[in-house]
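Tertiary structure, described
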Amino acid sequence: MIEPASFAITREAPPSFAALRRGVYAGEVYLLEPTPGSLALVERVRARLADVLGDDPRRAQHRMSNDELFARLSPLRRELYCDATYHDALRALLREQGGDPAALAFDPLRLRVVRSRGDVEVPAARAVYYPHRDTWYAHPQSLVAWWIPLDDLGEDETFAFFPERFEREVPNDSEAFDYDEWVRDGWELKIGWQRRDAGLTARYPGVLGEIAAGRAVGFSCQRGQHLAFSGAHFHATLPQATGRTRFSLDFRLVHLGDEAAGEGAPNVDGRSRGSALRDYVRTP
Ligand SMILES: [Fe+2]
């Protein structure tokens, strides 16, 4: 397992995809160089953003209301998540890392949008900034979260990990999260392509009370880099006030053999019910 006091993000590529998974389960966070697959994906999504938001999408938030921005992005969010050609792009990207798509299942691409000053100006978006573990949302302990920035970003506009909490409990109400109920309310809520007010009404698992999470480890990054980390890592998106919207992509994967063998990060405090894995995309 990682040593919280000396924890640092690893920029050296692991020797194999199996080694990457083992490292991730132990709490390592990898920031890897852009690849042809990630750069192609990034360029495709950047072009689509320009289609729906106009030139300079990162400044579109100043040209239109938040409702308008949300309405324009909703069909694109759906496309990224559902369109089979994006699923193929993820398979190609995983092959580049030495992964075998047939051995994996994935929760497809999501577009993340963090407005400049969104934390103070958009109450419905407040859940974006909650510190959390992805596993609190009924994902397996073997979850590997994969994040790709659409632009070069400074440390103040990405997110931060709290390594001291990887293996230490955080008081939380994840027991209130039931995956079956979550999807019964509708997939539009799950993906965030409709229901602009979802952030105000949805039951998101979160931290109970005030905690001192310990040292926060952030990072800067370049467009198209790969950030791979355990879904059990306690982390938080940073509010930013750069004047520009921060766009990123992410998806999640599970190695089915590891999951069957009970491998994965330790579960120190997750009590959500059901399993999101049943809805992940497979590769026949
Ligand atoms: Fe997360």
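Residues numbered from 1 in each chain as written. Predicted model: local features only at pLDDT ≥ 70, side-chain atom pairs only at ≥ 80, totals over all residues.

1. Quick look at the pairing of strand β7 (residues 246-255)
- Of all 10 residues that make up β7, nine are buried, and the element is covered over most of its length.
- As paired strands, strand β2 (residues 104-114) and β7 are joined by nine bridges and run antiparallel to one another. In the sheet register, L111 faces β7, and the bridge partner there is L249.
- Here strand β3 (residues 144-149) runs beside β7; their pairing, made up of six bridges, is antiparallel. Paired with V144 across the bridge in β7 is L253. (Buried ≥ 20, exposed ≤ 12 C-beta atoms within 10 Å, placed from the backbone. Helix = DSSP H or I, 4+ residues; strand = E, 2+ residues; numbered from the N terminus. Pairing = 2+ DSSP bridges.)

2. Here's the deal with the packing of helix α2 (residues 36-53) against helix α3 (residues 66-82)
- Where α2 contacts α3, the two axes come as close as 9 Å, and the packing angle between them is 155 degrees. Here α3 runs roughly antiparallel to α2, going by the angle between their axes. As for the relative orientation of α2 and α3, their crossing is right-handed in sense. Listed contacts from α3 to V45, R48, V52 and L53 of α2 are R72, L73, L76 and L80.
- Broken down by class, the residue content of the contact of α2 with α3 amounts to six nonpolar, no polar and two charged. (Axes fitted to C-alpha atoms, helices over the stretch in contact; angles between N-to-C directions. Parallel < 35°, antiparallel > 145°, perpendicular 65-115°, else oblique. Left-handed = near helix turned anticlockwise from the far one by under 90°. Contact = placed C-beta atoms within 7 Å. Nonpolar A, V, L, I, M, F, W, Y, C, P; charged D, E, K, R; others polar.)

3. A word on α3
- With 17 residues, α3 extends 24 Å between its outermost C-alpha atoms, agreeing within 8% with the 24 Å of an ideal straight helix rising 1.5 Å per residue.
- The largest bend in α3 is about 30 degrees, located at L73, with the proline P75 one to four residues further on.
- Taken together, the buried positions of α3 are L69, F70, L73, R77, L80 and Y81. (Expected span 1.5 Å × (residues − 1). Bend = angle between axes of the 7 residues up to and from the residue.)

4. Some thoughts on the environment of L90
- Residue placement: L90 occurs in helix α4 (residues 84-96).
- Sequence spacing of L90 and G23 is 67 residues, and the spatial spacing of their C-alpha atoms is 21 Å.
- Leave out the neighbours within four places in its chain, and L90 touches F106, P108, L109 and F251.

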